[in-house]
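Fold and contact review
Listed below are the residues making up each chain.
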Amino acid sequence: LDLRETSGISSSEMVKKNIRLGNLAVENAAFNAAVIYFKMGRGLLGPKAWEENPDIMLHLCSAEANACFATGDMEMTNALVDDVLKRDIPVRDKFRAYEVKILSLQASQKFDESITTALDVRRQLGLRSPANKAASTLCTLKEYINTRR
């Protein structure tokens, strides 16, 4: 049974409803429900979604990755983030996916990789970023003492 045929609602209208409901679920911390809505939205767009609706797919994948991260589904989070990051779209558009990736790396206690990723994104955006080099023990100790004052 195809609900689109029986309800008279077009696919694009159903996708928009799923996005609205997914966003509402996120606002109410109902992340499992949000994952379902965003996934349904992606499914409604079909196999050529990235070619035909890149902006909508970017939003759905990024939002679903964020919701999956909140539910602890790291495998799906990483798959969605990787799907966005492999696309030939501007870095600014990929920012939310990068944010989820950095949070995921931190949750996996891959702190060096998360810092490297964050600095790389800053550079791609044209922002100045410090070199990611190891601090000496003396510098670390000095900064620790400064924070204790």
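These numbers were taken from a predicted model, which means no experiment stands behind them. (Residues numbered from 1 in each chain as written. Predicted model: local features only at pLDDT ≥ 70, side-chain atom pairs only at ≥ 80, totals over all residues. Heavy atoms only, no water.)

**Things to note about the confidence of the model for the protein**
Low pLDDT marks stretches whose predicted atomic positions should not be read closely. Predicted confidence across the protein gives a mean pLDDT of 89, with 90% of residues reaching 70 or more. For the stretch residues 1–6, pLDDT sits under 50, and the model shows five contacts to residues farther than four places along the chain or on other chains. (pLDDT = per-residue confidence, 0-100. Contact = heavy atoms within 4.5 Å.)

**Quick notes on the nonpolar core**
Counting residues in each nonpolar core, the largest one holds 26 residues, and the members touching the most others are Leu-45, Trp-50, Met-57, Leu-60, Cys-61 and Val-84. If we ignore the near neighbours within four places in the chain, the residues touching Val-84 are Trp-50, Leu-58, Cys-61, Ser-62, Ile-89, Lys-94 and Ala-97. (Core = buried A, V, L, I, M, F, W, Y, C linked by side-chain atoms within 4.5 Å. Buried < 20%, exposed > 50% of the residue type's maximum accessible area, 1.4 Å probe, protein only.)

**Quick word on unusual backbone geometry**
The residue Ala-29 is not glycine, and still its phi comes out positive at about 60 degrees. Within the secondary structure, Ala-29 sits in the loop between α2 (11–27) and α3 (31–45). The backbone phi angle of Gln-109 is positive, close to 60 degrees, even though this residue is not glycine. By the element assignment, Gln-109 lies in the loop between α7 (91–107) and α8 (111–124). Classification of Gln-109 by relative accessible area gives exposed; the value is 64%. (Helix = DSSP H or I, 4+ residues; strand = E, 2+ residues; numbered from the N terminus.)

**A word on the environment of Ala-118**
Within the fold, Ala-118 resides in helix α8. The spacing of Ala-118 and Ile-102 is 16 residues in sequence and 6.8 Å in space, taken between C-alpha atoms.

**As for α8**
Along an α-helix, a turn takes 3.6 residues, which lines up residues three or four apart on a common side. Across its 14 residues, α8 extends 20 Å between first and last C-alpha, which sits within 8% of the 20 Å expected from 1.5 Å per residue. Looking at α8, one finds that the buried residues are Ser-114, Thr-117, Leu-119 and Val-121. Summarising the contacts, the buried residues of α8 are in contact with α7. Where α8 terminates, the next one or two residues include Gly-126, which has phi positive at roughly 85 degrees. (Expected span 1.5 Å × (residues − 1).)

**Let's talk about the side chain of Ser-62**
In this structure, Ser-62 sits in helix α5 (residues 54–71). Owing to a relative accessible area of 4%, Ser-62 belongs among the buried residues under this scheme. A polar contact is formed between the side chain of Ser-62 and the backbone oxygen of Leu-58, at a distance of 2.9 Å. In this structure Ser-62 touches Val-84, Arg-96 and Ala-97, once residues within four positions along its chain are discounted. (Polar contact = N/O pair within 3.5 Å; in protein donor to acceptor, adjacent residues only side chain to side chain.)

**Thoughts on the pattern of salt bridges**
Inspection of the entire model under this criterion finds three salt bridges. The closest approach of N and O atoms between Asp-83 and Lys-86, which form a salt bridge, is 3.8 Å. The exposure class of Lys-86 is exposed, given its relative accessible area of 61%. Residues participating in the shared-partner salt-bridge network are Asp-83, Lys-86 and Arg-87. (Salt bridge = Lys/Arg side-chain N within 4 Å of Asp/Glu carboxyl O.)

**Some remarks on the environment of Gly-22**
For Gly-22, the location among the structural elements is in helix α2. Looking at Gly-22, the relative accessible area reads 0%, which means it is buried. Residues Gly-22 and Asn-32, spaced 10 residues apart in sequence, show a C-alpha to C-alpha distance of 9.5 Å.

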